Amino acid sequence: MSDPHPGLTSREVAERVARGEVNDVPVRSSRSTADIVRANVFTRFNAIIGVLFLIILAVGPLQDGLFGFVIIANTAIGIVQELRAKKTLDSLALIGEARPTVRRDGTPTAIATGEIVLGDVIELGPGDKCVVDGEVLETDGLEIDESLLTGEADPVLKQPGDKVMSGSFVVAGGGAFTATKVGREAYAAQLAEEASRFTLVHSELRTGISQILKYVTWMMVPTAIGLIVSQLFVEEHDWREAVRRMVAGIVPMVPEGLVLLTSVAFAIGVIRLGRKQCLVQELPAIEGLARVDVVCLDKTGTLTEGGMDVSELRVLPGSRADERYVRQVLGALGESDPRPNASLQAIIDAYPDGAGWRCTESLPFSSARKYSGASFNGPDAESSNWLLGAPDVLLPSGDSTLTEIEGLNAQGLRVLLLARAERELDDPRVTEGVRPTALVVLEQRLRSDAADTLRYFAEQNVSAKVISGDNAVSVGAVAAKLALPGAQAPMDARRLPAERDAMAEALDEGAVFGRVTPQQKRDMVGALQSRGHTVAMTGDGVNDVLALKDADIGVSMGSGSEATRAVAQIVLLNNSFATLPSVVAEGRRVIGNITRVATLFLTKTVYSVLLAILVVCTRVPYPFLPRHLTLLSTLTIGVPAFFLALAPNKERARPHFVRRVMRYAVPSGLIAGAATFATYLLARHHYSGVGALDAETSVATLTLFLISMWVLAIIARPYTWWRIALVAAMGAGFLIVLVTPWLQRFFALKLVGTTMPWAAVAIAAVAAVALELSWRWVSRRFPP
């Protein structure tokens, strides 16, 4: 093997930097500050509210424009929370960022991706992602998977001079390549930048809210036009009063806080998970994992720790080799691989003595082959070819050695076979006629937190499927130690049917699968999805990449290969599988709580539209001023929604967000609107003279507040001390307004007499009964 290329000198690097030949693609883990501000400020509904706010400022008084200040405050909260999330996300992304090894001045150095310059010599090993385009310079069995770029699943064996595309990754072997295209010229630069960008889209929750807002807009426009015309006609002697009441009718139709609250809830979720060293590369992943009902686990690195220990070396009878000789062969095999996997590293640690053996050719380990190999010239100048890998792959079925191995696998031990090959390593039939020499027994270290995590998923009705490339019996034994249901019946994936429906049926029945190839992992994810399952896939090795990419949610370990981290939506930087329940819980909190508060917001929208339609049809003044509805919205929706959206919630996420929200919001809004208008009409017949409209407005406000409070009380269930305190505090806030003279004047609220206020309470009580009956009927008629 020729001497490795020394790479660029420091002077050459400086020259290229001066010429701008640097890999300067901005890899952003989050939106820019400008994007966050723009997204929170320049919204369709902020524009509507802003125009109405300016109108109120023109006609006065200022207290009727309070809704404008509420929007400003809410938008500011949204911006601050997203900026906090951005800071958390950026700092975590920096921790998890890949640092390719580049040769400079003859020394391999790990540098940031953005510091690579044109002509740099970049080293590659299993799991490394090619971060720029280039040309292969050196190769040692280098196999590169370009499936994420070309769709071709089979790895490509590279030779010196072959092209390397950014975005591809190494599955076996090693080597080095020269960077020929950097920055935005690289093939996958745009793709990589887009894939790693912080995003708030493509989730059922946000899509559902957008759909609701679209319908609201359609209802709002004609209703608002009718309201404007009717109020100008009714209040023709006082156009300012007509404008105020018209604005009061339009403002509550806009559920502007719902979008904001969703963004805030997601952003706070990112911050909470960030504190647990969990990098959420796409926000909807929080939501997605909460909807997961099947989680596929790779054994190594997930249920077990990455490291292993050699517990025993068994020289097989009839091999004509002694233990000292076998130890030397194993030591030489360890020295032949510059980037050993966990199994080989354990062998290197146990048998470091490979002196006197010269490697002439090597075959790197591949998860598709399940073995590695090397050719040596031994101390006695004898040439020999050796293979190290899965016994059930290297030996024919029925071999007597396999019976012995099954007993070891049943104990949860991992067994590798060292065998001497008669054929050359590049022969496709190299495994035929091998001579078994020794068994290397490896003991895997179970993760201390794995059992508790599996128990959590079982309690949450999430099926766990262990999918591993190891022997099925061995994997089953490990899963059984962790008390995984179904671990007693492991299945060899080589016996799985290839047809998707049949495979899906087998996957539904089984829980542990061994000898799974990378392509099979991908097929298994697809088969589960074909049965309507929402699938999460965890992994840390190159063999997991394809499955991670196809799964609904890909979860990678921080210590995993760079390729897995690149395609996963969630990266566990602390490498702790026990963090997953926190992500699931965070997703459930966000979805469950947003569904709750969405009902509050949309109940307001429904009753506002109904009131506007009734006012237009009856040609009466709109019953409220903007200040009344600002007060009601703050006490019955704004403040409680903020607390409810951030509360713990373990309820499993369900699909059909829009249907589930509207089935409660529509009847609640109709009951609230009809009862409030009935009180208003009754008051119009009861009061007369100067100040009658103010008195009518006050009793209508009382009715609407009481009904809205009852809706809040229903939403807040099941009750805890703080939920009861929250509802009570909102009721106390309204009572303070009613009994405090200056607040009465500020909000134009004063109850006149006793007849109509008690009538308003009675009507609200009837409406509350109707609300309870309608919610129970809806729950039975349209179960969640």
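My aim in this report is to walk through the structure given alongside it, one point at a time. (Residues numbered from 1 in each chain as written. Predicted model: local features only at pLDDT ≥ 70, side-chain atom pairs only at ≥ 80, totals over all residues. Heavy atoms only, no water.)

A closer look at the packing of helix α21 (residues 580-618) against helix α23 (residues 657-686)
One can describe the packing of α21 onto α23 by two numbers: an axis separation of 7 Å at closest approach and a directional angle of 40°. Here α21 is positioned oblique relative to α23, judged by the angle of their axes. For α21 against α23, the interelement crossing comes out right-handed. Partitioned by chemical class, the residues of the contact of α21 with α23 number 19 nonpolar, eight polar and one charged. (Axes fitted to C-alpha atoms, helices over the stretch in contact; angles between N-to-C directions. Helix = DSSP H or I, 4+ residues; strand = E, 2+ residues; numbered from the N terminus. Parallel < 35°, antiparallel > 145°, perpendicular 65-115°, else oblique. Left-handed = near helix turned anticlockwise from the far one by under 90°. Nonpolar A, V, L, I, M, F, W, Y, C, P; charged D, E, K, R; others polar.)

Remarks on helix α17 (residues 500-509)
Buried within α17 we find Met-503, Ala-504, Ala-506 and Leu-507. Buried positions in α17, seen along its axis, are confined to an arc of 165° and lie on one side of it. The secondary structure elements touched by the buried residues of α17 are β16 (463-467), β18 (512-514) and α18 (518-530). One side-chain oxygen at the N-terminal end of α17 lies 3.4 Å from the backbone nitrogen of Asp-501; it belongs to Glu-499. (Buried < 20%, exposed > 50% of the residue type's maximum accessible area, 1.4 Å probe, protein only. Arc of directions from axis to C-beta. Contact = heavy atoms within 4.5 Å. Polar contact = N/O pair within 3.5 Å; in protein donor to acceptor, adjacent residues only side chain to side chain.)

Overview of the sheet that holds strand β21 (residues 570-572)
Strand order in the open sheet made by the eight strands is β8-β21-β20-β19-β9-β16-β18-β17, with mixed pairing throughout. Each end of this open sheet is capped by a strand with a single partner; those strands are β8 (278-280) and β17 (491-492). In the sheet, strand β19 (residues 535-539) pairs with strand β20 (residues 553-557) via four bridges, with the strands oriented parallel. Bridge pairing in β20 links Ala-536 to Ile-553. (Pairing = 2+ DSSP bridges.)

Describing the environment of Tyr-680
Summarising the element assignment, Tyr-680 is placed in helix α23. Judged by relative accessible area, which is 1%, Tyr-680 ranks as buried. For the pair Tyr-680 and Glu-586, spaced 94 residues apart in sequence, the C-alpha separation works out to 44 Å.

A few points about unusual backbone geometry
Most peptide bonds take the trans configuration, and most residues that are not glycine carry a negative phi. Residues Arg-717 and Pro-718 are joined by a peptide bond in cis, for which omega reads -5°. In this structure, Asn-461 takes a positive phi of about 60° despite not being glycine. One can find Asn-461 in the loop between α15 (450-459) and β16. Look at Asn-461 and you get exposed, because its relative accessible area is 58%. You will see that Arg-619, though not glycine, has its phi angle at about 55°, which is positive.

Here we look at the packing of aromatic side chains
Aromatic ring pairs are reported here in terms of the distance separating the ring centres and the angle at which the planes meet. With the rule as written, the count across this model stands at eleven aromatic pairs. Both rings, one in Tyr-664 and one in Trp-775, keep their centres 4.3 Å apart while their planes meet at 20°; by these two values the pair is stacked. Taken together, the residues Tyr-664 in helix α23 and Trp-775 in helix α27 (residues 755-781) connect sequence positions 111 residues apart. Judged by its relative accessible area of 12%, Tyr-664 falls in the buried class. For Trp-775, a relative accessible area of 12% gives the class buried. When the ring of Phe-677 is compared with that of Tyr-680, the centres are 6.0 Å apart and the planes differ by 55°; the resulting orientation is tilted. A residue pair is termed a helical-turn pair when its members lie 3 or 4 positions apart in one helix, as Phe-677 and Tyr-680 do in helix α23 at three residues. Site record: aromatic cluster; members linked through ring pairs are Tyr-325, Trp-357, Phe-376 and Trp-386. (Phe/Tyr/Trp six-rings, centres within 6.5 Å; stacked < 30°, edge-to-face > 60°.)

Notes on the side chain of Ser-336
Mapped onto the elements, Ser-336 comes out in helix α11 (residues 323-336). For Ser-336, a relative accessible area of 14% corresponds to the buried category. Ignoring sequence-local partners within four residues, the contact set of Ser-336 consists of Asp-140, Cys-359, Ser-362, Ala-374 and Phe-376.

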